[in-house]
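Examination of the molecular architecture
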Amino acid sequence: MYPRIPQRRTPTGDLGGQDNMSAGSAESRPSLSNAYQILLKNEAPHFRQATETLFKVIQNIIAHPEDPAFQKLRRSTATFTTKIAPAVGAVRFLRAVGFTEEGDGDQASLTLLHIDLKLLEEGKLALKACVKEYARMQEELRRIENAAAAEKLAQLRDISKQNTAQRDQEQAAELLRQRELLKIDREDYVRQRDPTVLK
């Protein structure tokens, strides 16, 4: 169960599955909760780069709400192609805080046409909660992997003990057989040297 995060309910509910919609209205916007849960599905490198970049994007807009340079993200930039695009849910998150799709080809971009500072603050809180939850999930995964490795090691040790016990039994049996053969050889030697024994 994912932690609750601050979010707004749209009049039509969560329409997060419609990634290709370009309108910036609340009705077409995916919810922060939906984007949050999808972000959690990324591998660690993509998750880390995406969440750090998304946080910087939001932080810059909040700090400089009058600067349009921070309100437009071109898809063709290195930052977008290497840090945002590879992470599932990253574009959805941008749309959840108000960004809309514009243009196509090299001119394609995500633009924040209307700044909603409250929604952006909610986005920051959602990212922080997402990072915290991801860390918890990774720790739980490591715990499970460590437990599985410990169980496997215990099984290998049990097998090793069983093999050692079997080897010890085989060595003991072989030693007993050698002693019996040595006893027979000694008895034969004594008989051969006894003059009262007919040859």
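Reading the values: the criteria
Residues numbered from 1 in each chain as written. Predicted model: local features only at pLDDT ≥ 70, side-chain atom pairs only at ≥ 80, totals over all residues. Heavy atoms only, no water. Helix = DSSP H or I, 4+ residues; strand = E, 2+ residues; numbered from the N terminus. Buried < 20%, exposed > 50% of the residue type's maximum accessible area, 1.4 Å probe, protein only. Contact = heavy atoms within 4.5 Å. Areas by Shrake-Rupley, 256 points an atom, 1.4 Å probe, with all protein chains shown as cover. Pairing = 2+ DSSP bridges. Axes fitted to C-alpha atoms, helices over the stretch in contact; angles between N-to-C directions. pLDDT = per-residue confidence, 0-100. Phe/Tyr/Trp six-rings, centres within 6.5 Å; stacked < 30°, edge-to-face > 60°. Expected span 1.5 Å × (residues − 1). Core = buried A, V, L, I, M, F, W, Y, C linked by side-chain atoms within 4.5 Å. Salt bridge = Lys/Arg side-chain N within 4 Å of Asp/Glu carboxyl O. Lys, Arg positive; Asp, Glu negative; His and termini not counted.

Digging into the overall build of the chain
- Summing up its helical and strand segments, the chain has 5 helices and 3 strands in all.
- Here the chain holds 199 residues, and 29% of them are scored as buried.
- Taking all contacts inside the chain whose residues are at least 6 apart in sequence as the whole, residues at least 24 apart take part in 70%.
- Summing over all exposed atoms, the chain offers an accessible surface of approximately 13,400 Å²; the carbon and sulfur share of this is 54%.

Some points on helix α1 (residues 32-39)
- Burial analysis of α1 places 7 of its 8 residues in the buried class, which makes it a mostly covered element.
- Every buried residue of α1 is accounted for by Leu32, Ser33, Asn34, Ala35, Tyr36, Ile38 and Leu39.

Let's talk about the sheet that holds strand β3 (residues 109-112)
- Spatial ordering of the open sheet is given by β1-β3-β2, a layout of 3 strands whose pairing is antiparallel. The open sheet terminates on both sides in strands that have one partner only, identified here as β1 (72-74) and β2 (99-102). Within the sheet, the average angular offset between the axes of one strand and its neighbour, ignoring direction, is 20°.
- Bridge count for β2 against β3 is 4 bridges, and the pairing is antiparallel. Bridge assignment links Thr100 to a residue of β3, and that residue is Thr111.

Structural notes on the confidence of the model for the chain
- With 82% of its residues at a pLDDT of 70 or more, the chain has an overall mean of 82.
- With pLDDT under 50 throughout, residues 1-24 is counted as low confidence; its partners more than four residues away or in other chains account for 50 contacts.

With respect to the packing of aromatic side chains
- All chains considered together, the criterion is met by 1 aromatic pair.
- Where Phe47 meets Tyr134, the ring centres are 3.8 Å apart and the plane angle is 10°; that geometry is what we call stacked. One end of the pair, Phe47, is in helix α2 (residues 44-63); the other, Tyr134, is in helix α5 (residues 117-193), and 87 residues separate them in sequence. Comparing Phe47 with Tyr134 shows no difference in burial state: the two are buried.

What about α2?
- In this model α2 runs 28 Å from its N-terminal to its C-terminal C-alpha over 20 residues, within 8% of the 28 Å that 1.5 Å per residue would give.
- Turning to α2, its buried residues number three or more, namely Phe47, Ala50, Thr51, Thr53, Leu54, Val57, Ile58 and Ile61.

A few points about the nonpolar core
- Core analysis: the biggest nonpolar cluster contains 31 residues, and Leu39, Phe93, Leu94 and Phe99 have the highest contact counts within it.
- Every element with two or more residues in this core is listed here: α1, α2, α3 (78-84), α4 (90-96), β3 and α5.
- With 7 residues, α5 is the largest single contributor of residues to this core.
- The residues touching Phe93, leaving out its near neighbours within four places in the chain, are Leu32, Ala35, Leu39, Leu54, Ile58, Gly123, Ala126 and Leu127.

Examining the environment of Leu39
- In this structure, Leu39 sits in helix α1.
- The exposure class of Leu39 is buried, given its relative accessible area of 0%.
- Once the C-alpha coordinates of Leu39 and Val91 are considered, the two residues, 52 residues apart in sequence, prove to be 9.9 Å apart.
- Setting aside residues up to four positions removed in sequence, Leu39 forms contacts with Phe47, Leu54, Val88, Gly89, Ala90, Phe93, Leu127 and Cys130.

A closer look at the pattern of salt bridges
- Within this structure, the stated rule accounts for 5 salt bridges.
- The partner of Arg136 in a salt bridge is Glu133, with the nearest N and O atoms 2.9 Å apart. Taken as a pair, Arg136 and Glu133 lie in helix α5 at a separation of 3 residues, close to a single helical turn.
- Relative accessible area serves as the criterion here: at 45%, Arg136 is assigned to the partly exposed category.

Quick notes on the side chain of Thr53
- Structurally, the position occupied by Thr53 is in helix α2.
- Leave out the neighbours within four places in its chain, and Thr53 touches Thr79, Lys83 and Ile84.

Quick word on the side chain of Lys124
- Within the element layout of this structure, Lys124 appears in helix α5.
- Look at Lys124: it is buried, it has no salt bridge, and the nearest opposite charge is Glu121 at 4.0 Å.
- The contact partners of Lys124, leaving out residues within four places of it in the chain, are Phe55, Ile58, Gln59 and Ile62.

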